[in-house]
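# Fold and geometry: a report
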Amino acid sequence: MTKLIEADHVFRYFGAYCAVHDLSFSLAKGQVLGFLGVNGAGKTTTMQLLCGLLAPSSGHILINGYNVLTHPILAKQSLGYLPDTPPLYRDLTVSEFLRYCAQLHNIPTKQCHAAVHSALGRCSLGAVQHKLISQLSKGFQQRVGIAQAIIHNPDLIILDEPSVGLDPIQIQEIHTLIKELGQTHGVILSTHRLSEVQESCTDVQIIHDGKLILQKNSAELAAIMSTEKLCLRTRLALDPAALTANTDITHITVISTQHLEIHYHANANPTPKITEQLIAAGVDILELSPIKKSMEEMFIELIQENSK
């Protein structure tokens with residue numbers, strides 16, 4: 001699988017302050033990478049390093065095989081970037097602005113119309129293409145920002161806080177667009193919204209004090225969020241002693257006579273045996289489901305562990 005990004009032991013200093021510390025990761029087409037961190041963690045600095053807006057103090061970054069320092073033009077031809085504040089000319093219409101962006105990317109004149117038409121369609125901007133950008137809602141302006149990032153159909157798309165200031169409906173629309181882009185591009189989504197990662201991303205990285213403290217795909221993240229607990233709810237009162245013969249179970253917490261929390265050994269799967277035991281005992285099961293940590297709980301735990 002071709003790597004769109006290869007970051008290898010990247011450091012970035014501002015004087016004596018190390019904003020990015022020994023950053024190494026890769027990204028391929030079809031991946032949507034959620035890049036998480038608290039404010040000041042180093043997310044935006046990392047985005048600027050990847051885009052060639054800042055130079056690494058040491059280490060190297062390849063975009064589609066090209067070093068961003070030694071071959072900046074070739075590297076940047078392969079990426080589209082939406083900064084946290086979209087770079088919009090508010091006195092232009094949407095179509096005028098996108099035509100201008102197409103020209104900046106040296107798209108041949110004969111292909112400009114098709115490129116603008118494609119970006120308008122992918123970002124659902126057709127209905128507002130003749131409106132001034134200054135007249136658009138925040139949500140539509142964010143869409144225009146994404147459209148300028150994909151106008152030249154880059155392999156890699158980097159989005160820095162694309163849903164800031166949007167309402168819930170607009171956020172959902174942006175999530176849908178990001179997932180669609182992830183099918184044919186590699187995407188980095190820098191955000192501090194944990195819901196965006198769960199909604200849109202195939203992979204997750206968390207940065208704290210300039211260091212990557214977590215790098216996982218969605219399946220690995222789900223395993224980390226597992227609490228090795230089950231929620232059991234029954235129609236009638238249940239005696240916990242009915243489950244003590246199950247050797248997978250470590251202990252049972254009684255929430256009420258009809259609601260138990262079942263704790264089990266790591267790597268065990270007690271659900272089938274519990275279900276079998278309860279059915280044999282004639283117990284009506286209303287719910288038997290895993291209890292997982294929320295994304296917020298997992299994030300806070302990691303930050304606290306790495307702040308000691």
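Below or above, wherever it landed, is the structure these notes cover. (Residues numbered from 1 in each chain as written. Predicted model: local features only at pLDDT ≥ 70, side-chain atom pairs only at ≥ 80, totals over all residues. Heavy atoms only, no water.)

## Overview of the pairing of strand 8 (residues 186-191)
Which entries qualify depends on this criterion: Only protein chains enter the area calculation, which uses a 1.4 Å probe; residues under 20% of their type maximum are buried, those over 50% are exposed, and those in between are partly exposed. Put simply, DSSP marks the helices as runs of H or I at least four residues long and the strands as runs of E at least two long, and each gets a number from the N terminus on. For two strands to pair, DSSP has to find at least two bridges joining them. Handedness of a crossover is defined as follows: orient the strands so they point away from the viewer, and if the path from the first strand over the helix to the second runs clockwise, the crossover is right-handed.
Burial within strand 8 is extensive, with six of its six residues counted as buried. Residues Gly186, Ile188 and Ser190 of strand 8 are buried on one face, and the alternating residues Val187, Leu189 and Thr191, pointing to the opposite face, are buried as well. With five bridges connecting them, strand 3 (residues 32-36) and strand 8 associate as parallel partners. Looking across to strand 8, one finds that Phe35 is bridged to Ser190. Of the strand pairs in this sheet, strand 7 (residues 156-160) and strand 8 are connected by five bridges, and their pairing is parallel. Note that in strand 8 the partner of Asp160 across the bridge is Ser190. Taking the sense of rotation as the criterion, the β-α-β connection linking strand 7, helix 6 (residues 168-182) and strand 8 turns out right-handed.

## Some details on the packing of aromatic side chains
Going by this rule: Each Phe, Tyr or Trp ring (for Trp, its six-membered ring) is paired with any other whose centre lies within 6.5 Å, and the angle between the two planes then decides the class: stacked below 30 degrees, edge-to-face above 60, tilted in between.
For the structure on display, the rule yields three aromatic pairs. Taken together, a centroid distance of 6.4 Å and an interplanar angle of 5 degrees make the contact between Phe11 and Tyr13 stacked. Residue class for Phe11 comes out buried when judged on its relative accessible area of 17%. Residue class for Tyr13 comes out partly exposed when judged on its relative accessible area of 37%.

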